[in-house]
Amino acid sequence: SVAFHLTSPLSAGLFSGAIMESNPFAMTFRTAEQTKAYSTLFADFLGCNVHDVACLRSQPVADVLAAQGHTFWVPFPVTTKDELPWQPVLDGSQVIGQPLSLIANGSFAKVPVIIGTVRNETLSFLYGALSKPLPAVEYAAVVAAWWQKDVAAVLELYPPDETDSRPVFSQLTTDLFMQCPSRFAAAAIAAAGVPVYLYNFLYTPIEDPMNNSSYCRQQACHGADLSFVFHSADLDPGFSFRTPQEAELSWLVLRSWSQFAATTSPDDSWPRFSNASRFSFGFGDGSATVLEDFNGRRCDLLDALGWDSTALPSPMLT
């Protein structure tokens, strides 16, 4: 949503800075016609015609929530890129294109930006969809279907595991959909002469109120940073920051975000991202360190394979 406002002509001038956390840049917005397939699926589940607004509004809340859950499910893995059924729609006025492409072309609000991701962005989604180990041959088949002529280069950096390829598939999809396109966006923003600060949230919470599942323990899953950003772990019953180091890390993140909101510059030790240095801020165990070219080799490969919508793995709704 932040990238949408950063690239929307109607939002220009309404803000002086932007913070993008865990932006799934590689999941592209659809046209109204493409989105209609999801709307129809939702309406059919409720027994309504997709154009019958009165029927849709008359449904009980419980049924609407059930329909929403039904619509969220899409065949895996061919629709991974199309995982979000409800999102901004390309309308030519508010949403004029894919945010990553617009940023790459310089068509964005020239305001300072913080942008970053957590270490295991897609793990909770992947393990939620795949409850059993992923055979190496099936993982390799997905990669081959996605990249075809470049499959060997991808598998070299993301090799299958004969026991269970879910961990490497999680790394691949984290890099593909969030971490590496975020670095690409940061590079484009920096190339336009706009201050941009890249971060990587690498800390594994002792307890994570956002991801209270067995597969996210000892991981930094999507949303793991939120209780640190808002210093809010103890707002969830039964959860809290378990060590002084966790609390201090939260204050560090909160200070950086607050200082950026006040001055458009975060922590004094956090260097700007540039294409020459590729510095990012790594939030770790009670502290942060400056990282240089984090995950560089993998992101360089994905950059080379292309971020335009036609070059990415193409899904299909069935």
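Quick caveat, the model's predicted, so the values are computed rather than measured.

**Here we look at the state of the cysteines**
Consideration 1: Scanning all chains against the criterion turns up three disulfides.
Consideration 2: Two residues share a disulfide in this structure: Cys-48 and Cys-55, whose sulfurs sit 2.0 Å from each other. Its torsion about the S-S bond being -70 degrees, the disulfide of Cys-48 and Cys-55 is classed as left-handed. With respect to class, Cys-48 is no different from Cys-55; both count as buried.
Consideration 3: With its sulfur 2.1 Å from that of its partner, Cys-180 forms a disulfide with Cys-299.

**With respect to the sheet that holds strand β1 (residues 18–21)**
Consideration 1: If you walk across this open sheet you meet the five strands as β1-β4-β5-β6-β7, and the pairing is mixed. Each edge of the sheet is formed by a strand with only one pairing partner; in this case those strands are β1 and β7 (288–292). Across the sheet, the mean angle from the axis of one strand to that of its neighbour is 25 degrees, orientation sign disregarded.
Consideration 2: Sheet topology note: the β1/strand β4 (residues 113–118) ladder contains four bridges and is parallel. Bridging from a neighbouring strand, Ala-18 pairs with Val-113 of β4.
Consideration 3: Its contacts with the sheet place helix α9 (residues 166–191) against β4 and β5 (196–201), and it is angled at close to 160 degrees to β4.

**A few points about the nonpolar core**
Consideration 1: Of all hydrophobic cores here, the largest spans 52 residues; its most connected members are Leu-6, Ile-115 and Trp-147.
Consideration 2: Among all residues touching Leu-6, those that are not within four sequence positions of it are Phe-15, Ala-18, Met-20, Ile-103, Phe-108, Ala-109, Val-111 and Val-113.

**Notes on α9**
Consideration 1: Over its 26 residues, α9 runs 36 Å from end to end, which matches the ideal 38 Å to within 8%, given 1.5 Å per residue.
Consideration 2: For α9, the principal kink sits at Asp-175 and spans about 50 degrees.
Consideration 3: By the criterion of burial, α9 is predominantly enclosed, with 22 of the 26 residues buried.
Consideration 4: The positive-phi residue at the C-terminal boundary of α9 is Gly-193, with phi of around 80 degrees.

**Examining the packing of aromatic side chains**
Consideration 1: Taken as a whole and judged by the stated rule, the model has 20 aromatic pairs.
Consideration 2: On the numbers, 5.8 Å between centres and 85 degrees between planes, the contact of Phe-42 with Trp-86 is edge-to-face. Remark: Trp-86 occurs in the loop between α4 (61–72) and β3 (89–90) and Phe-42 occurs in helix α2 (residues 32–46); sequence separation between them is 44 residues.
Consideration 3: Seen in terms of ring centroids, Tyr-199 and Trp-270 are 6.4 Å apart; in terms of plane orientation they differ by 90 degrees. Their pairing is edge-to-face. Of this pair, Tyr-199 sits in strand β5 while Trp-270 sits in the loop between α11 (244–263) and β6 (279–283), placing them 71 residues apart in sequence.
Consideration 4: Since its relative accessible area comes to 1%, Tyr-199 is described here as buried.
Consideration 5: Members of the aromatic cluster, connected to one another through ring pairs, are Tyr-197, Tyr-199, Trp-257, Phe-260, Trp-270, Phe-281 and Phe-283.
Consideration 6: Above the face of the Phe-108 ring, Lys-110 is positioned so that its terminal group lies 4.4 Å from the ring centre.

**Brief notes about the environment of Asp-268**
Consideration 1: In this fold, Asp-268 is placed in the loop between α11 and β6.
Consideration 2: Residues Asp-268 and Ser-93, spaced 175 residues apart in sequence, show a C-alpha to C-alpha distance of 38 Å.
Consideration 3: At 3.2 Å, the side chain of Asp-268 forms a polar contact with the side chain of Gln-259.

**Here's the deal with the pattern of salt bridges**
Pairing is possible between side chains of opposite charge, provided their charged atoms come close.
Consideration 1: Going through the model one piece at a time under the given rule, you end up with ten salt bridges.
Consideration 2: For Lys-149, the salt bridge goes to Asp-150, with nearest N and O atoms at 3.4 Å.
Consideration 3: Residue class for Lys-149 comes out exposed when judged on its relative accessible area of 75%.
Consideration 4: Arg-183 is paired through a salt bridge with Asp-300; the nearest N and O atoms lie 2.8 Å apart. With a gap of 117 residues between them, Arg-183 in helix α9 and Asp-300 in helix α12 (residues 296–305) connect regions that are remote in the sequence.
Consideration 5: Note on Asp-300: relative accessible area 32%, which makes it partly exposed.
Consideration 6: Where salt bridges share partners, they join Arg-183, Arg-278, Asp-293, Asp-300 and Asp-303 into one cluster.

**Topic: unusual backbone geometry**
Consideration 1: Look at Gln-218: it is not a glycine, yet its phi comes out positive at around 65 degrees.
Consideration 2: Given the relative accessible area of 64%, Gln-218 is considered exposed.
Consideration 3: A positive phi angle, close to 50 degrees, is found at His-231, a residue other than glycine.
Consideration 4: Structurally, the position occupied by His-231 is in the loop between α10 (226–229) and α11.

Conventions used here
- Residues numbered from 1 in each chain as written.
- Predicted model: local features only at pLDDT ≥ 70, side-chain atom pairs only at ≥ 80, totals over all residues.
- Heavy atoms only, no water.
- Disulfide = S-S within 2.5 Å.
- Buried < 20%, exposed > 50% of the residue type's maximum accessible area, 1.4 Å probe, protein only.
- Pairing = 2+ DSSP bridges.
- Helix = DSSP H or I, 4+ residues; strand = E, 2+ residues; numbered from the N terminus.
- Axes fitted to C-alpha atoms, helices over the stretch in contact; angles between N-to-C directions.
- Contact = heavy atoms within 4.5 Å.
- Core = buried A, V, L, I, M, F, W, Y, C linked by side-chain atoms within 4.5 Å.
- Expected span 1.5 Å × (residues − 1).
- Bend = angle between axes of the 7 residues up to and from the residue.
- Phe/Tyr/Trp six-rings, centres within 6.5 Å; stacked < 30°, edge-to-face > 60°.
- Lys NZ or Arg CZ within 6 Å of the ring centre and 35° of its normal.
- Polar contact = N/O pair within 3.5 Å; in protein donor to acceptor, adjacent residues only side chain to side chain.
- Salt bridge = Lys/Arg side-chain N within 4 Å of Asp/Glu carboxyl O.

Treat this as a map of the structure, not an account of what it does.
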